[in-house]
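Chain residues, written in single-letter form:
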Amino acid sequence: MSERSEAVSHHSTVDTLVVSGGTPLVGEVAVRGAKNLVPKAMVAAVLGDYPSVLSNVPQIRDVEIVRNLLELHGVTVADGEAADTLVLDPSRVEQAALPDIEVHAGASRIPILLCGPLLHRLGHAFIPDLGGCKIGDRPINFHLDALRQFGAVVEKRPEGLHISAPRGLTGTKIELAYPSVGTTEQVLLTAVRAQGVTELRNAAVEPEIIDLICVLQKMGAIISIDTDRIIRITGVERLGGYIHEAVPDRMEAGSWACAALATGGEVFVRNARQVDLMTFLNVYRRVGGAFQVTADGIRFWHPGGKLDALALETDVHPGFMTDWQQPLVVALTQATGLSIVHETVYENRLGYADALVRLGAHIQVYSECLGATPCRFGRRNFSHSAVISGPSSLHGADLRVPDLRGGFSYLIAALAAQGRSTVHGVGIIARGYEAFLTKLEDLGAQVEPAC
Ligand code: EPU
């Protein structure tokens, strides 16, 4: 096991934490490359004829899963000289043995992105059942429709997807029904080596997608981003390798910022970048949080006095991202008045609110769209709007982590609460938060693995 894997497994094997709350978090944490970019840049390396070098790679479970999966497909993945660098050599890509890939079924959503690269390299691909957080139905219909438009033949079997491209892949025109992050990445990773031009309308344009486009451009791809969410890709026959430093994780940065606010503390998030957090910073300011942008990161703190309630909708970029929603709601439990949060990206991303109520928060969840814009979930009976009444005095409780962001939010809530909480299932958090336990301890949090 590499040092990197050992570090991840240390954090993912801790299952239960005893949290003694009531102490403000104070200090510094550093964020590294984004969880929602790094595994995809690793997949992009499969498209190249030469090795790629990716730096600023965090030690998180999602990176380990993709590393294992790439290795099963013949990609050599080695730790670089610097501790946070991976060298990916795709010169011997091969079909992995089915039982080996099936071991990864349910572990992550990234495998679906291997379709295009494996089709280009081998002419066929097998993708096991997908995992990821249970925050909604999370269908893959857009992915499969797009692959079919490129000329792929997709066969759904009980064990997973068998995909082939008997006549190769050809550029096409695709319009997404919703600007899906994963499908935009799917199209990019397939179109760059398809024959001819691909036009993608209603594309997602998250900073992590722009960073993936930078990776692909370094490899020799021709991609232009036009106004109105249109991306055009001119396919090329061959791609080389890349040398790239991953964009920092804006979700993790936002999580620590909310932790500072909810606990009345002050956290300097090293490497956080203003440009990726612009929408978040506006909301942080409106709630009453303070921040200072420096060349090395952003300092976030609770300036004292009361926090202000607000109304907010999650949205695709450049809107307020859905992954910031849960940590922010914890901070909103401490704001004075009624806050309204309308989740418009996932239909089931408020399930964690029940546990916050058990900690003493006043949160009511509704199936109506409580926002300016009616969303796709309004008439479908999904509990996707929340009204939070604050400030509430939180107290300790027994909690079980539901998903990645919800789980981290439980930790923040338990730290903001008076008394002891027991949080079960914290291993999930290691999927996306590097060394979260060490970072919490560095900030003065009283957290201990339960015996
Ligand atoms: N959707 C479909 N059909 C599809 C694909 C998506 O209906 O084929 C729907 C989804 O059900 C959802 C919406 O489109 O309602 C948006 O999904 P999207 O495809 O954008 O999400 P994703 O690519 O599966 C990534 C991140 C998520 C993040 C979202 C939105 C990764 C691995 N995951 O998911 O991150 O919330 O984009 O920004 O990049 C997290 O980090 O905790 C996390 C869940």
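Check the entry above for the structure.
Read on for a plain summary of the structure.

Cut-offs and rules
Residues numbered from 1 in each chain as written. Predicted model: local features only at pLDDT ≥ 70, side-chain atom pairs only at ≥ 80, totals over all residues. Heavy atoms only, no water. Helix = DSSP H or I, 4+ residues; strand = E, 2+ residues; numbered from the N terminus. Buried < 20%, exposed > 50% of the residue type's maximum accessible area, 1.4 Å probe, protein only. Salt bridge = Lys/Arg side-chain N within 4 Å of Asp/Glu carboxyl O. Near = heavy atom within 4 Å. Polar contact = N/O pair within 3.5 Å; in protein donor to acceptor, adjacent residues only side chain to side chain. Areas by Shrake-Rupley, 256 points an atom, 1.4 Å probe, with all protein chains shown as cover. Nonpolar A, V, L, I, M, F, W, Y, C, P; charged D, E, K, R; others polar. Domains from an automatic or database assignment. Core = buried A, V, L, I, M, F, W, Y, C linked by side-chain atoms within 4.5 Å. Contact = heavy atoms within 4.5 Å. Pairing = 2+ DSSP bridges. Axes fitted to C-alpha atoms, helices over the stretch in contact; angles between N-to-C directions.

### Digging into unusual backbone geometry
Outside of glycine, negative phi angles account for most residues, and trans bonds account for most peptide bonds. In the segment running from His317 into Pro318, the intervening peptide bond is cis, with an omega of 10°. Along the polypeptide, Pro318 turns up in the loop between β18 (311-313) and α11 (322-332). Look at the link from Gly390 to Pro391: it is a cis peptide, with omega at 0°. By the secondary structure assignment, Pro391 is in the loop between β21 (385-390) and β22 (398-400). Residues other than glycine seldom take positive phi values, yet Asn202 does so here, at roughly 60°. Here Asn202 shows up in the loop between β10 (197-201) and α8 (207-219). Of the residues examined, Asn202 reaches a relative accessible area of 22% and is grouped as partly exposed.

### A word on the pattern of salt bridges
For the coordinates displayed, the defined rule picks out 21 salt bridges. Among the ionic pairs, Glu199 bridges to Arg232, the shortest N-O distance being 3.1 Å. Of the two residues, Glu199 is situated in strand β10 and Arg232 in strand β12 (residues 230-234); the sequence distance between them amounts to 33 residues. With relative accessibility at 11%, the residue Glu199 sits in the buried group. According to the relative accessible area criterion, Arg232 is partly exposed, its value standing at 28%. Taking the shortest distance from any N to any O, the salt bridge between Arg299 and Glu266 comes out at 3.6 Å. Linking Arg299 in strand β16 (residues 297-301) with Glu266 in strand β14 (residues 266-270), this pair joins segments that are 33 residues apart in sequence. On the basis of relative accessibility, which here comes to 31%, the residue Glu266 falls in the partly exposed class. Shared partners join several salt bridges into a network, and the residues in it are Glu199, Arg201, Asp226 and Arg232.

### Re the site of the ligand
Inspection of the region around the ligand gives 25 residues, with Lys35, Lys40, Ser180, Val181 and Val345 positioned closest. Val181 places a main-chain nitrogen or oxygen 2.7 Å from an oxygen atom of the ligand. For the ligand, the accessible surface in isolation is 830 Å², of which the surrounding protein chains cover 92%. Elements that contribute at least two residues to the shell around the ligand include exactly α6 (141-149), α7 (181-191), α11 and α13 (404-416). Split by residue class, the shell around the ligand holds 10 nonpolar, seven polar and eight charged. Composition of the shell around the ligand by domain shows at least three residues from each of domain 1 (3-31 + 248-449) and domain 2 (38-245).

### Observations concerning the nonpolar core
Membership of the largest hydrophobic core comes to 75 residues, with the highest contact counts inside it found for Trp256, Phe280, Phe300 and Leu356. Not counting chain neighbours up to four residues away, the residues in contact with Phe300 comprise Ala253, Ala257, Ala260, Gly265, Glu266, Val267, Val269, Phe280, Leu281, Tyr284, Ala290 and Phe291. Counting 71 residues, the second largest nonpolar core, distinct from the first, contains Ala41, Ala45, Leu70 and Leu161.

### Observations concerning the sheet that holds strand β13 (residues 243-245)
Paired through backbone hydrogen bonds, the strands of a sheet run either parallel or antiparallel to each other. Across the sheet, four strands lie side by side as β4-β5-β3-β13; this open sheet has mixed pairing. Edge positions in the sheet fall to β4 (76-79) and β13, since each of these pairs with one other strand and no more. Each strand axis lies, on average, 20° off the axis of its neighbour in the sheet, ignoring direction. Relative to strand β5 (residues 86-89), β4 is paired through four bridges, and the arrangement is antiparallel. Counterpart to Thr76 in the pairing with β5 is Asp89. Helix α3 (residues 61-72) contacts β4 and β5 of the sheet and is inclined by roughly 135° relative to β4.

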